[in-house]
Amino acid sequence: MSSKVAHYLQEHLVGEVIDSSDARRYFSSDNSIFQIAPSLIVYPRNENDIRKTARFTWQLAERGRLIPLTPRGAGTDETGAAIGSGIIIAFTAHMNRILELNTKTKTVTVEPGINYGKLQQVLHTHGAFLPPYPPGLDYSTIGGAIGNNASGEKSFKYGSTRGFIKALRVVLANGEVMETKRLSKRELSKKLGLATFEGEIYRSIDTLIEENHAVVDQFKLNTSLNNAGYGLYQVKQKDGSFDLSPLIAGSQGTLGIVSEASLDIEDYNPASCLLMAEFDSVEKLQQALLALNNVKELPSSVELVDQSALEEIFRLNPNHLKSLISAPLPRFLVFMEFENVKKPPKSAVKLLDTLAKGYDISADPERQINFHKIREAVNVISAHNEGLLRPLPLFDGAVPVDRVRDYLDGLHKLIKNNNLGSALWGHIGEGNLVIKPRLNLGQVGDRQKIFRVLDEYYKLVLSLSGTISATSGDGRLRTPYIERMYSPEAYALLVKVKQIFDPYGTLNPGVKFGTTVEDLKTIIRSDYSLNHIYDHLPRS
Ligand SMILES: Cc1cc2nc3c(=O)[nH]c(=O)nc-3n(C[C@H](O)[C@H](O)[C@H](O)COP(=O)(O)OP(=O)(O)OC[C@H]3O[C@@H](n4cnc5c(N)ncnc54)[C@H](O)[C@@H]3O)c2cc1C
């Protein structure tokens, strides 16, 4: 891109426009295995800056010249969704304020670049919190959490980010601004009558849903998390109410750019009861998970650390858990949290009496530190390099909870057959597990192996009626595989949604659409690193 573009934008924006090689190198990676250098970086100071940038790229696209726009928070995305070859819109520099906090209506309104952890701290001081926080909240933003429809340890009880959006301000591909929130039938009719791009979007999406109810329903999976494609089935409800926010959340910058978000918050009580349970068979673990979904007071989180992960932690850092756990290491260690209580519900205890090999309960914050230390020890694995071998973020599927047994069996086989030497842990309550195989991206053999293993992995997940993208989204990494998840009719609807919002393809192209496996091979980094987040411990 010529410096003419940078000069033009510099002249018209209040925020800075930078195209130095240093800045371009910095923004060429996120936490995925890919690398694409942008042409320039815009640091918007206000919504108008984003609008002007979008209008500019729209007008160029009308004349046949495509400049991609990629919104970016902290760039911790693991799928290559926060990088792009055109303009990076970097939110963390200026658009990072809390605009309003109302504890009566339990709503907080923020700019997208606000650090999630800082916002959470402020909310805590007001006795509130935002529940679907991702593990890396200290080093990521709200804009990124909306972009990825992020979820984390509390999502067992509270679901993902989508469920906490009250309203969004969204800059559209042509620079117009749209406000999304749940609209009544009457409010929707008004929107349908608008003679603007926004009106066109409302009309087209409404018609798309009305003409394809049965196909839209196919996006409802039996998994509690699903970020593959778009949240189309959550837009129109049976009562005729309509909200485009569920489409924007999880769209990874491919439908619009969020300039302001109002979010629902919950009461926060740090007192909780933690349970650490040991299971010696996958069957019993499966039964316990199913039963936990039916206890009266749901745990807020249900997390797993597999024996393979504990072995790996002992191998890498022999002293880290020495005083807390000793051999024989448990086959499956499950951590549960019950909020606002000193004792877990009787139903949960009964269930563990029957199914667990043993368990430990604590409401004492001092002792709970030990529980957290064991669960969080997996972060040691995510951060460990062995020479040029790096733990890579490749897999993010989830299966329905009644298929967890088959999923665990399948994953153990996948790891063994492909010599991935990898440990296993994750959000087991949501059927979502993490494996981070250590590979050397500088070696052709390892690069080829990635796609062989991904292929096998997706077959496994899909054979269990799961999703290929549970927490982090599709990004570039999973774009070539989305089509396998849905019927051709359902996939065609996703394509239409993209065309409706982004007819010229300026919004984060290559993410969710337009990337093949061959394309991915050309953008793999030769040296993976977590450079953007080592100020903190990479959490997963
Ligand atoms: C070790 C590790 C573990 C992780 N575990 C999880 C997990 O358990 N659950 C989970 O959900 N995520 C997880 N992630 C992924 C990521 O950290 C989160 O999704 C996080 O919320 C992204 O925030 P960010 O500010 O870094 O966003 P970025 O990486 O900057 O952006 C993420 C996406 O959102 C889009 N975006 C950013 N800002 C805007 C905006 N204003 N408008 C529209 N789109 C926007 C970007 O274009 C991109 O597509 C993990 C990442 C790492 C490195």
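Residues numbered from 1 in each chain as written. Predicted model: local features only at pLDDT ≥ 70, side-chain atom pairs only at ≥ 80, totals over all residues.

## Let's talk about the overall build of the chain
Applied cut-off: Each helix corresponds to a stretch of at least 4 residues labelled H or I by DSSP, and each strand to a stretch of at least 2 residues labelled E; elements are numbered beginning at the N terminus. The reference for a compact globule is 2.2 Å times residues^0.38; the radius of gyration itself is calculated from the C-alpha atoms. Working definition of burial: number of other C-beta atoms within 10 Å of the residue's own, with buried at 20 or more, exposed at 12 or fewer, and partly exposed in between, all C-beta atoms being placed from the backbone. Contacts here follow a simple rule: the backbone-placed C-beta atoms of the two residues must lie within 7 Å.
Secondary structure assignment for the chain yields 20 helices and 19 strands. Relative to the globule expectation of 24 Å for 540 residues, the C-alpha radius of gyration of the chain, 23 Å, shows essentially globular dimensions. Seen along its three principal axes, the alpha-carbon backbone of the chain occupies a region of about 65 × 55 × 45 Å. Across the 540 residues in the chain, those meeting the buried criterion constitute 49%. Long-range pairs, those at least 24 residues apart, make up 74% of the contacts in the chain with a sequence separation of at least 6.

## Comments concerning the domain arrangement of the chain
The following threshold applies: In this entry, domain limits derive from an automatic or database-based domain assignment. Following the grouping adopted for this structure description, the nonpolar residues are Ala, Val, Leu, Ile, Met, Phe, Trp, Tyr, Cys and Pro, the charged ones are Asp, Glu, Lys and Arg, and the polar ones are all others, Gly among them.
As assigned here, the chain comprises domain 1 (3–93), domain 2 (98–267), domain 3 (272–375) and domain 4 (390–523). Spacing between the C-alpha centres of domain 1 and domain 2 amounts to 23 Å. Tallying the contact residues gives 17 residues for domain 1 and 20 residues for domain 2. Listed by contribution, the elements that provide at least two residues to the side of domain 1 that touches domain 2 are α3 (47–62) and β3 (69–72). If you tally residues by element for the side of domain 1 that touches domain 2, the top one is α3, at 7 residues. Of the residues in the side of domain 1 that touches domain 2, the class split is 8 nonpolar, 4 polar and 5 charged.

## Concerning the packing of helix α11 (residues 282–292) against helix α16 (residues 404–417)
Think of two packed helices as two axes; the pair is described by the angle between the axes and how far apart they sit. Using the following cut-off: Lines fitted to the C-alpha atoms define the axes, with helices restricted to the stretch that makes contact. Angles between their N-to-C directions range from 0 to 180 degrees. Geometric relationships in this document are graded by angle, where less than 35 degrees denotes roughly parallel, more than 145 denotes roughly antiparallel, 65 to 115 denotes roughly perpendicular, and other angles denote oblique. Crossings are assigned a handedness: left-handed for a near helix turned anticlockwise from the far helix by less than a right angle, right-handed for a clockwise turn.
Following both chains from N to C, one finds α11 and α16 inclined at 140°, their axes separated by 9 Å at the closest point. With respect to α16, the axis of α11 lies oblique. The hand of the α11/α16 crossing is right-handed. Side by side, α11 and α16 meet where V282, E283, Q286 and L289 of the first sit next to V404, R405, L408 and D409 of the second. For the contact of α11 with α16, the residue count by class is 4 nonpolar, 1 polar and 3 charged.

## Overview of the pairing of strand β5 (residues 98–102)
The test is simple: Note on pairing: two strands pair once DSSP finds at least 2 bridges between them.
Note: β5 against strand β6 (residues 107–110), 4 bridges, orientation antiparallel. Paired with L101 across the two strands is V108, which belongs to β6. In textbook terms, the turn of a hairpin is the stretch between consecutive antiparallel strands, and for β5 and β6 this stretch comprises 4 residues, one of which, K106, has a positive phi near 55°.

## Section: the sheet that holds strand β9 (residues 177–181)
Taken together, 5 strands build an open sheet; the order of strands is β5-β6-β10-β8-β9 and the sheet is antiparallel. Lying at the two open borders of the sheet, with one neighbouring strand each, are β5 and β9. For this sheet, the mean angle separating the axes of adjacent strands, direction not counted, is 10°. Judged from the 5 bridges that link them, strand β8 (residues 165–171) and β9 form a sheet pairing that is antiparallel.

## A short note on the site of the ligand
Rules: As used in this record, a residue near a molecule or strand is one whose C-beta atom, placed from the backbone, is within 6 Å of it.
Near the ligand there are 39 residues, and of these G73, D77, G144, G147 and G253 occur at the shortest range. Looking at the shell around the ligand, the elements with two or more residues in it are β3, α5 (142–147) and β10 (257–264). Looking at the shell around the ligand element by element, the count peaks at 4 residues for α5. A breakdown of the residues in the shell around the ligand according to their chemical character gives 13 nonpolar, 21 polar and 5 charged.

## Here's the deal with the nonpolar core
Nonpolar side chains tend toward joint burial in soluble globular proteins. This is how it is decided: A set of buried Ala, Val, Leu, Ile, Met, Phe, Trp, Tyr and Cys residues, joined to one another through C-beta atoms within 7 Å, is what we call a nonpolar core.
In this structure, F279, A288, L289, A309, V334, W425 and L433 are the most contacted members of the largest nonpolar core, which totals 71 residues. Residues within four places of A309 in sequence aside, it is in contact with V378, I381, A423, L424 and W425.

## Brief notes about the environment of P132
Looking at where P132 falls in the secondary structure, it is placed in the loop between β7 (128–129) and α5. Residues in contact with P132, not counting those within four places in the same chain, are A150, S151, G152, K154, S155, Y158, G159, S160, T161 and F164.

## Thoughts on the sheet that holds strand β18 (residues 432–435)
Here we have 6 strands laid out as an open sheet, ordered β15-β12-β14-β13-β17-β18, and antiparallel in their pairing. Both edges of this open sheet fall to β15 (358–362) and β18, since each of them pairs with a single strand only. Neighbour-to-neighbour, the strand axes of this sheet turn through a mean angle of 20°, independent of strand direction. Sheet topology note: the strand β13 (residues 301–306)/strand β14 (residues 332–339) ladder contains 6 bridges and is antiparallel. From the neighbouring strand, V305 faces β14, where its bridge partner is L333. Sheet strands in contact with helix α12 (residues 307–316) are β13 and β17 (424–427), and its direction is about 60° off that of β13.

## What about the pairing of β3?
Residues L69 and P71 point to one face of β3 and T70 and R72 to the other, with burial holding for every one of them. Note that β3 and strand β4 (residues 87–90) share 4 bridges and pair parallel. Within the sheet, the bridge partner assigned to P71 lies in β4 and is I89.

## Re the packing of α11 against helix α13 (residues 346–355)
Where α11 meets α13, the closest approach of the two axes is 10 Å, and the angle between their N-to-C directions is 170°. Regarding the angle of α11 to α13, the classification is roughly antiparallel. Regarding α11 and α13, the two cross each other, and that crossing is right-handed. Residues K284, Q287, A288, A291 and L292 of α11 pack against A348, L351 and L355 of α13.

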